[in-house]
Amino acid sequence: MTEGRQSWWDIPLTLVLAFTMVLVVTTFVAKPFSIPSGSMEDTLQVGDRVLVNKVVYHLRDIERGDVVVFDGTDSFVPAAVVESRNPVGGSLTWVGQSVGIIPPDGTDFVKRVIGVGGDHVVCCDAAGRITVNDVPLEEQSYLYRGDAASDQAFDVVVPDGMLWFMGDHRSNSADSRAHLGDPGGGMVPVSRVVGRVMNVLWPLNRVSNVPVPESFSAVDAGQSQ
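The structure presented is a predicted model; accordingly, all values stated were derived computationally and were not measured.

### With respect to the nonpolar core
Step number 1: Counting residues in hydrophobic clusters, the biggest one holds 18 residues, and the most contacted among them are Ile114, Val121, Ile130, Leu137, Phe154 and Trp164.
Step number 2: At the level of secondary structure, the elements contributing two or more residues to this core comprise strand S5 (120–123), strand S8 (154–157), strand S9 (162–166) and helix H5 (215–224).
Step number 3: Ranked by residue count, the leading element in this core is S9, at 3 residues.
Step number 4: Counting 14 residues, the second-largest nonpolar core is a separate cluster that includes Val56, Tyr57, Val68 and Leu163.

What follows is the structure, given as structure tokens:
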């Protein structure tokens, strides 16, 4: 009888432990994320499943060119919208998103970091390129085919502790440019970053790394001169 009871508990206990381990890993180390829109095409496609590294920014600073997932509360999404949600439903949604079985809600965004604290980001120079600290970005390697660098002019200085984001599909991305007139001026606090998008995991024909484009090295080189 004792052996029977132990065997009966073995499977559910194993499942509980496995689920707990998954939650721990996705909360502190890495988590899957499903791409909800076409704002990062062609780098990321709608429905791509990506792996978000949540540890990397404890080891190094966020860098220009990184593709990251961030919480847009108070920057891209008014806090009132988030506060109005049902807490029970929100908890269940969080669990589902942590294990990758529920797509992200309207507060999580995936974009590319164009400017970090202290950067002067301008659109555009005479050649139609975005400049960061007067260094033009050559964005052909990741910009959506046929898109201009931006169809909206802007001239911003990114405050310390903040970030300026843009999608790779510029004509289909509601990014920092769309929030210039909002509180914060389109900037997102570093503290809202969930992690860096490291790899595309699914579908199988799109499995790949998500590297930092070489064009951003020119900005670093310009600053070091």
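Picking up after the structure, the text goes on.
### A look at the pairing of strand S4 (residues 108–115)
Step number 1: Among the 8 residues that make up S4, 8 are buried, leaving the element largely enclosed by the rest of the structure.
Step number 2: Across 5 bridges, the pairing between strand S3 (residues 67–71) and S4 is antiparallel. Bridge assignment links Val67 to a residue of S4, and that residue is Arg112.
Step number 3: By the bridge criterion, 3 bridges tie S4 to S9 in an arrangement that is antiparallel. Each bridged residue has a counterpart across the sheet, and for Val113 the counterpart in S9 is Phe165.

### So, the sheet that holds strand S7 (residues 135–136)
Backbone hydrogen bonds hold the strands of a sheet together, and the pairing may be parallel or antiparallel.
Step number 1: Strand order across the open sheet formed by 4 strands is S7-S6-S5-S8, with antiparallel pairing between neighbours. Of all strands in the sheet, those bounded by a partner on one side alone are S7 and S8.
Step number 2: Bridge analysis of S5 against S8 gives 4 bridges, and the strand direction is antiparallel. When the bridges of S8 are listed, Val121 appears paired with Val156.

### Regarding the pattern of salt bridges
Step number 1: Following the criterion strictly, the structure yields 13 salt bridges and no others.
Step number 2: The residue Arg129 makes a salt bridge to Asp125 at a minimum N-O spacing of 3.0 Å.
Step number 3: Using a relative accessible area of 26% as the deciding quantity, one classes Arg129 as partly exposed.

Rules used in this analysis
- Residues numbered from 1 in each chain as written.
- Predicted model: local features only at pLDDT ≥ 70, side-chain atom pairs only at ≥ 80, totals over all residues.
- Heavy atoms only, no water.
- Core = buried A, V, L, I, M, F, W, Y, C linked by side-chain atoms within 4.5 Å.
- Buried < 20%, exposed > 50% of the residue type's maximum accessible area, 1.4 Å probe, protein only.
- Helix = DSSP H or I, 4+ residues; strand = E, 2+ residues; numbered from the N terminus.
- Pairing = 2+ DSSP bridges.
- Salt bridge = Lys/Arg side-chain N within 4 Å of Asp/Glu carboxyl O.

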